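# Descriptive structure summary
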Amino acid sequence: MREAVQSIYDGVLDRNPGQPEFHQAVKEVFESIEPALERKPEYLDAAILERVTEPDRQIMFRVPWVDDSGKVQVNRGFRIEFSSALGPYKGGLRFRENVNLSIIKFLGFEQIFKNSLTGLAMGGGKGGSDFDPHGRSDAEVMRFCQSFMTELARHIGPSTDVPAGDIGVGGREIGYMFGQYKRLRNSYDAGVLTGKGLAWGGSLVRTEATGYGTVLFAQSMLATKGESLEGKKVLVSGAGNVAIYAIEKAQQLGATPITFSDSSGYVVDEAGVDLELLKQVKEVERGRVADYVERRPGARLVTGGSVWDVPGDVALPCATQNELDGDAANTLLRGGCGVVSEGANMPSTPEAVEAFQKAGILFAPGKAANAGGVATSALEMEQNAGRTRWDFATAEAKLTGIMTDIHDSCVAAAEEYGRPGDYVLGANAAGFTRVADVMIAHGIV
Ligand code: NDP
Ligand code: 2IT
C-alpha cells in the first residue's frame, strides 16, 4: 500500500483492535482499489476511506431467552448499520456460536461493495448472534428469534434497514422474526425482511439465488475463454443454502459436482451428488452429511484433511470465511483446478487468493460471485413494495441479467485500471467507486 493509504489502514487497526476478519476485509479492499485512488485524488481529500470503514452505527444488545429445560440463556445480538450511501442498510443475519463483532463487521463491510456492484439501491449492513440453532428445538429457536427481534425491531424498517438470512438463518428463523416484528408494530411491513416464505411475501428464486448466481458467475468467466461448465468436475464445500443451489445450477449447466461438506467432514460422491437426497437430509431432516453417505452407495465421508484435497476443474467454496488457505489453494491448482467462484463471504485467505492470481486462473471474489442472493432480496423488496409477485422464470431471468452485469462491470473495471482478468481489482474498484462518488455527492456525513 502506498503511504497515505497505509496510514489510514494503520488507523483502522488502532481503532478496532482484536478484529482480524474486519482487518483482512479492509486490507483487501484498500490494496485493490489503489489504481482508482490514484486516478481520483478527491477520494482521499474527502476522507472516503476513513468514513467508509467507520460504520454509521453499531448496535449490540442482550438476547435473553428460556430453553426447553427452563434454564435462562443469554446471547449477544449485533446489527452493524455500515453504510446508507446507496439505500437502506441491507444484509443478512448470522446465527452461529463463533459470531463476534469482528465477523459481523467484516461481513457488513463486504456487503457495502457487494450491494453496490448489483447496481441496485441498497446500503450495507450485517447482524446476527452467537446463538447456534444446531440441536435446538423449533420452540427454542422461536423463543430466541422473538427475543432477538424484540430489540432489533426498533432499529429496522422497509426503508431503514432490511435484514435477511445468512449462516444459521433460513426460512424458519425469518418466519419467527417476521411474526414478532409484525406483532410489535401492528403493521404488515413485508419489506422489512427478505428470504420470507412464498405464502407471506417471499420471492421465488430467493432460496436458489446465491448458489445459482455463484455458478452463473463461473459460467460467465469461462465464457471469456470460450469455455463452459459442460462436463467439468465441480468441488463444492458447505451443505447449506448456498452449496445446495450451487450444486443444482452446476448440474443444470452440465457439470458434475462431486463434493460437499459440513463442520463434521466432507463427502466425495464420484458418481455426482444425488441432489434430491442431499435436500432431504439437509433441508427436510436438518441432518448431517454422514446421513447422506449412509443412504448413498459409493459415496464416502472423509473426516480429516480438506475438501480441497479432491482433484477437480472448478471449486465453489460455499461454507464460511477462511475455509480455503494457501496450502489448499496450491493443492487445488496441482489437482487441475482452473476456476474458483466464491459462494461464501471471504472463504479464501489472502495467501490463497495470491496463489490463484499468480497461477492466472479464473478467480471470482465473493462480493461479486455471491451477490445474486442480496440482488434477489432487492427483487423481493421490489415485489413487496408493488404488492405483486413474479413467476419463477421472471425472477430467474432478472437474476441472470444482474449476474451478467456484475461480471461485465468487473471485467470493464479490471481493464480500465490496467489489469485485465483481475476480478478482485474489478469487483473492488467497481463496487467502491460507485459508493465513493455518492458519498461525495452527499457531502460530509
Ligand atoms: P447455511 O447455514 O445454510 O449453511 C452453512 C454451511 O456451511 C453448513 O453446511 C455448515 O456446516 C457449513 N459451515 C459453516 N461454518 C462452518 C465452519 N466454520 N466450518 C465448516 N463448515 C462450516 O449458510 P449459507 O449457505 O446461507 O451460507 C454459506 C456462506 O455463504 C456463508 O459464508 C454466507 O455468509 C455466504 N452467503 C450466503 C448468502 C445467502 O443468501 N444465504 C448470500 C451470500 C453469501 P454445519 O451445518 O456443520 O454448521
Ligand atoms: O452475504 C449476503 O449477501 C447475504 N447473506 C444475503 C443478504 C441479503 O440481504 O439477502
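The notes below deal with the structure included here. This one's a predicted model, so the numbers in the text were calculated from it and none came from an experiment.

What follows covers the site of ligand 1. As a matter of local geometry, ligand 1 sits amid 25 residues, with Arg 96, Asp 166, Thr 210, Ser 263 and Asn 345 nearest to it. In this structure, His 134 approaches ligand 1 through a side-chain N or O atom, which is 2.9 Å from an oxygen atom. A distance of 2.9 Å separates an oxygen atom of ligand 1 from a polar backbone atom of Ala 239. Here ligand 1 has 890 Å² of accessible area as a free molecule, and 85% of this is covered by the chains. Secondary-structure elements contributing two or more residues to the shell around ligand 1 are helix H9 (206-223), helix H10 (241-252) and strand S8 (259-262).

Turning our attention to the pattern of salt bridges. Scanning the entire structure with this criterion turns up 26 salt bridges. As a salt-bridge pair, Arg 296 and Asp 274 come within 3.7 Å of each other at their nearest N and O atoms. Placement of the pair is Arg 296 in the loop between helix H12 (289-294) and strand S10 (300-302) and Asp 274 in the loop between strand S9 (265-268) and helix H11 (275-284), with a sequence separation of 22 residues. Asp 422 is the salt-bridge partner of Arg 419, the closest N and O atoms lying 3.1 Å from each other. Judged by its relative accessible area of 38%, Arg 419 is partly exposed.

Taken as a whole, this structure holds 21 aromatic pairs when the rule is applied. Relative to Phe 82, the ring of Phe 22 lies with its centre 6.1 Å away and its plane at 45°, an arrangement referred to as tilted. Taken together, the positions of Phe 22 in helix H2 (residues 20-32) and Phe 82 in strand S2 (residues 72-83) put the pair 60 residues apart, joining distant regions of the chain. Side by side, Phe 22 and Phe 82 carry an identical accessibility label, which is buried. Over the face of the ring belonging to Tyr 212 we find Lys 249, whose NZ or CZ atom lies 4.5 Å from the ring centre. The side chain of Lys 398 reaches across the aromatic face of Trp 390, ending 4.5 Å from its centre.

This paragraph deals with the nonpolar core. A general tendency of soluble globular proteins is for nonpolar side chains to be buried together. Within the largest apolar cluster, 59 residues are counted, with the highest numbers of intra-cluster contacts made by Phe 217, Phe 260, Leu 278, Tyr 292, Leu 316, Ile 406 and Cys 410. For this core, the element with the highest residue contribution is H9, accounting for 8 residues. One finds Ile 8, Tyr 9, Leu 37 and Phe 106 within the second-largest nonpolar core, a separate group that totals 34 residues.

With that out of the way, let us pick up the site of ligand 2. Lining the immediate environment of ligand 2, one finds 14 residues, of which Lys 90, Lys 114, Asp 166, Arg 206 and Ser 377 sit closest. Here Lys 90 contributes a side-chain N or O atom positioned 2.6 Å from an oxygen atom of ligand 2. The contact in question runs from a nitrogen atom of ligand 2 to an N or O atom on the side chain of Asp 166, over 3.0 Å. About the coverage of ligand 2: the protein hides 94% of its 300 Å² of free accessible area. The set of elements that each furnish at least two residues to the shell around ligand 2 consists of strand S3 (89-95), helix H6 (101-117) and helix H16 (371-385). Residue classes in the shell around ligand 2 are distributed as 2 nonpolar, 7 polar and 5 charged.

A word on helix H17 (residues 392-416). Taking 1.5 Å per residue, 25 residues should reach 36 Å; H17 reaches 36 Å between its end C-alpha atoms and fits that length. Among all positions of H17, only Ala 395, Glu 396, Leu 399, Ile 402, Met 403, Ile 406, His 407, Cys 410, Ala 413 and Ala 414 are buried. Its buried side turned inward, H17 meets H6, H9, H10, helix H15 (366-369), H16 and helix H18 (423-441). Immediately downstream of H17, the backbone of Gly 418 shows phi near 80°, a positive value.

Moving on, we get to a negative patch on the surface. Together, Asp 325, Asp 327, Glu 351 and Glu 354 give the surface a local cluster of negative charge. In this fold, Asp 325 is placed in the loop between strand S11 (314-317) and helix H13 (326-334).

The subject of this paragraph is the packing of H9 against H17. Orientation of H9 relative to H17, taken along the N-to-C sense of each, is 45°, at an axis distance of 9 Å. Classified by the angle between their axes, H9 and H17 sit oblique to one another. For the element pair H9 and H17, the recorded crossing hand is right-handed. Contacts from Glu 208, Ala 209, Tyr 212, Gly 213, Leu 216, Phe 217, Ser 220 and Met 221 in H9 reach Phe 392, Glu 396, Leu 399, Thr 400, Met 403, Ile 406, His 407 and Cys 410 in H17. Considering only residue class, the contact of H9 with H17 consists of 10 nonpolar, 4 polar and 2 charged.

Our next topic: H11. Residues of H11 that are buried include every one of Leu 275, Leu 277, Leu 278, Lys 279, Val 281 and Lys 282, and no others. The elements touched by buried residues of H11 are H10, S8 and H12. Near the N-terminus of H11, the side chain that reaches the backbone nitrogen of Glu 276, with its oxygen 3.3 Å away, is that of Asp 274. Where H11 terminates, the next one or two residues include Arg 286, which has phi positive at roughly 50°.

Further remarks concern the pairing of S3. Of all 7 residues in S3, 7 are buried, a share of seventy percent or more. Inspection of the sheet shows S3 paired to strand S5 (residues 161-164) by 4 bridges, in the parallel sense. The residue bridging Gly 91 from the neighbouring strand is Pro 163, located in S5. As defined by bridge partners, S3 adjoins strand S4 (residues 124-129) across 3 bridges and the pair is classed as parallel. Bridging from a neighbouring strand, Leu 93 pairs with Gly 127 of S4. With H6 bridging S3 and the parallel S4, this β-α-β connection has right-handed handedness.

Conventions and cut-offs
- Residues numbered from 1 in each chain as written.
- Chains lettered and ligands numbered in written order.
- Predicted model: local features only at pLDDT ≥ 70, side-chain atom pairs only at ≥ 80, totals over all residues.
- Heavy atoms only, no water.
- Near = heavy atom within 4 Å.
- Polar contact = N/O pair within 3.5 Å; in protein donor to acceptor, adjacent residues only side chain to side chain.
- Areas by Shrake-Rupley, 256 points an atom, 1.4 Å probe, with all protein chains shown as cover.
- Helix = DSSP H or I, 4+ residues; strand = E, 2+ residues; numbered from the N terminus.
- Salt bridge = Lys/Arg side-chain N within 4 Å of Asp/Glu carboxyl O.
- Buried < 20%, exposed > 50% of the residue type's maximum accessible area, 1.4 Å probe, protein only.
- Phe/Tyr/Trp six-rings, centres within 6.5 Å; stacked < 30°, edge-to-face > 60°.
- Lys NZ or Arg CZ within 6 Å of the ring centre and 35° of its normal.
- Core = buried A, V, L, I, M, F, W, Y, C linked by side-chain atoms within 4.5 Å.
- Nonpolar A, V, L, I, M, F, W, Y, C, P; charged D, E, K, R; others polar.
- Expected span 1.5 Å × (residues − 1).
- Contact = heavy atoms within 4.5 Å.
- Patch = residues over 30% accessible without salt bridge, like charges linked within 9 Å, V, L, I, M, F, W, Y side chains within 5 Å.
- Lys, Arg positive; Asp, Glu negative; His and termini not counted.
- Charge placed at Lys NZ, Arg CZ, Asp CG, Glu CD.
- Axes fitted to C-alpha atoms, helices over the stretch in contact; angles between N-to-C directions.
- Parallel < 35°, antiparallel > 145°, perpendicular 65-115°, else oblique.
- Left-handed = near helix turned anticlockwise from the far one by under 90°.
- Pairing = 2+ DSSP bridges.
- Right-handed = clockwise from strand over helix to strand, strands pointing away.

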